[in-house]
Amino acid sequence: MNALAATNRNFRHAARILGLDSKVEKSLLIPFREIKVECTIPKDDGTLVSYVGFRVQHDNARGPMKGGIRYHPEVDPDEVNALAQLMTWKSAVADIPYGGAKGGIGCNPGDLSKSELERLTRVFTQKIHDLIGVHTDVPAPDMGTNAQTMAWILDEYSKFHGHSPAVVTGKPIDLGGSLGREAATGRGVVFATEALLAEHGKSIKGLTFAVQGFGNVGSWAAKIIHERGGKVVAVSDITGAVKNPNGIDIPELIRHKESTGSLKNFQGADSMDANELLVHECDVLIPCALGGVLNRENAADVKAKFIIEAANHPTDPGRR
């Protein structure tokens, strides 16, 4: 089941429970606007390369649409549509006066230099600048993007509309960003973990954790869990996976990844098959990467007693 089908299935299930009128249900499944743009940039060697960028604006009934922009090879219209829809529901459930949106470019940011990423971001912003804005649609960082990406969007947007620091969130502090924003999602994952464990008379200290995804969310969640006495026994990301049954030194692993750009060759743990992480022996599994990773093929093999969903729709609703 692809991301959009899974998200629509979950929404229809909720709509039936809520007794929503069928006309309202249908209208909420159709996005307000879908944008698809071609982004051609010169690479550092002078050759031209083209990428496809997307922005789906799902619903603005509750306020300006809001959602991240991700750079990843698997970005496609269905995934972006599903993520935009999820942003609408998350904002509504948390009673935040925003609607939902999501964007992305189908690329591997690891294959691009910093100057190439800047050119790509600026071209993408040029193509969508008249469709985003403080009171319309506010982008944010997501997988493969960060505060620097937001700074480029802010700067490029401001060329057309004047200085507009509120056009993006997740920007650098010096440009009006929020203190604590970088750690906020990972910290929220830890709060959710503590709340769930407390219901079962447990705490983070002494339990074992496996974390899939070691970007912004996964690395901060792992770091805070490590600080609170949890034992992170396995970590994976797009570059590889490592395990240590005695617990991984997370601050040291973060330093290793920052210096090498990869989890590979980390001296404080053994390498492992990244596909095995989801079924690795642990108390708590935290998927922080792509959607649909827990599905009918591997669900029966998951050994974790608790699962904390830190990614967007990591659990596929399909049954055996």
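- An unreviewed UniProt entry lists the protein chain under the name glutamate dehydrogenase [NAD(P)(+)], with Salix suchowensis as the source organism.
- One UniProt comment on the protein chain, placed under Sequence similarities (unreviewed entry), says "Belongs to the Glu/Leu/Phe/Val dehydrogenases family."

### So, the sheet that holds strand 5 (residues 137-141)
In step 1: Here five strands make up an open sheet; going across it, the order is 1-2-4-3-5 and the pairing mixed. The open sheet has two free edges, formed respectively by strand 1 (33-42) and strand 5, since each of these has just one partner strand. Neighbour-to-neighbour, the strand axes of the sheet open up by a mean angle of 20°, direction not taken into account.
In step 2: As paired elements, strand 3 (residues 65-72) and strand 4 (residues 99-106) share six bridges and run parallel to each other. Across the sheet, residue R70 finds its bridge partner in strand 4, namely G104.

### A few points about the sheet that holds strand 8 (residues 240-243)
In step 1: The mixed open sheet is built from six strands, whose spatial order is 9-8-7-6-10-11. Two strands bound the open sheet, and with one partner strand each, they are strand 9 (270-271) and strand 11 (306-307).
In step 2: Judged from the five bridges that link them, strand 6 (residues 208-212) and strand 7 (residues 231-237) form a sheet pairing that is parallel. Within strand 7, the position partnered with Q212 by the bridge is S236.
In step 3: Against the sheet, helix 6 (residues 181-199) makes contact with strand 6, strand 10 (284-287) and strand 11, and its axis sits at roughly 150° relative to strand 10, the strand it touches most.

### What about a negative patch on the surface?
In step 1: A contiguous patch of negative charge, built from E34, E74, D76 and D78, is present on the exposed surface.
In step 2: Turning to its location among the elements, E34 is positioned in strand 1.

Quick notes on the rules
Residues numbered from 1 in each chain as written. Predicted model: local features only at pLDDT ≥ 70, side-chain atom pairs only at ≥ 80, totals over all residues. Heavy atoms only, no water. UniProt positions renumbered as here; feature names shortened; annotations may be inferred. Pairing = 2+ DSSP bridges. Helix = DSSP H or I, 4+ residues; strand = E, 2+ residues; numbered from the N terminus. Axes fitted to C-alpha atoms, helices over the stretch in contact; angles between N-to-C directions. Contact = heavy atoms within 4.5 Å. Patch = residues over 30% accessible without salt bridge, like charges linked within 9 Å, V, L, I, M, F, W, Y side chains within 5 Å. Areas by Shrake-Rupley, 256 points an atom, 1.4 Å probe, with all protein chains shown as cover. Salt bridge = Lys/Arg side-chain N within 4 Å of Asp/Glu carboxyl O. Lys, Arg positive; Asp, Glu negative; His and termini not counted. Charge placed at Lys NZ, Arg CZ, Asp CG, Glu CD.

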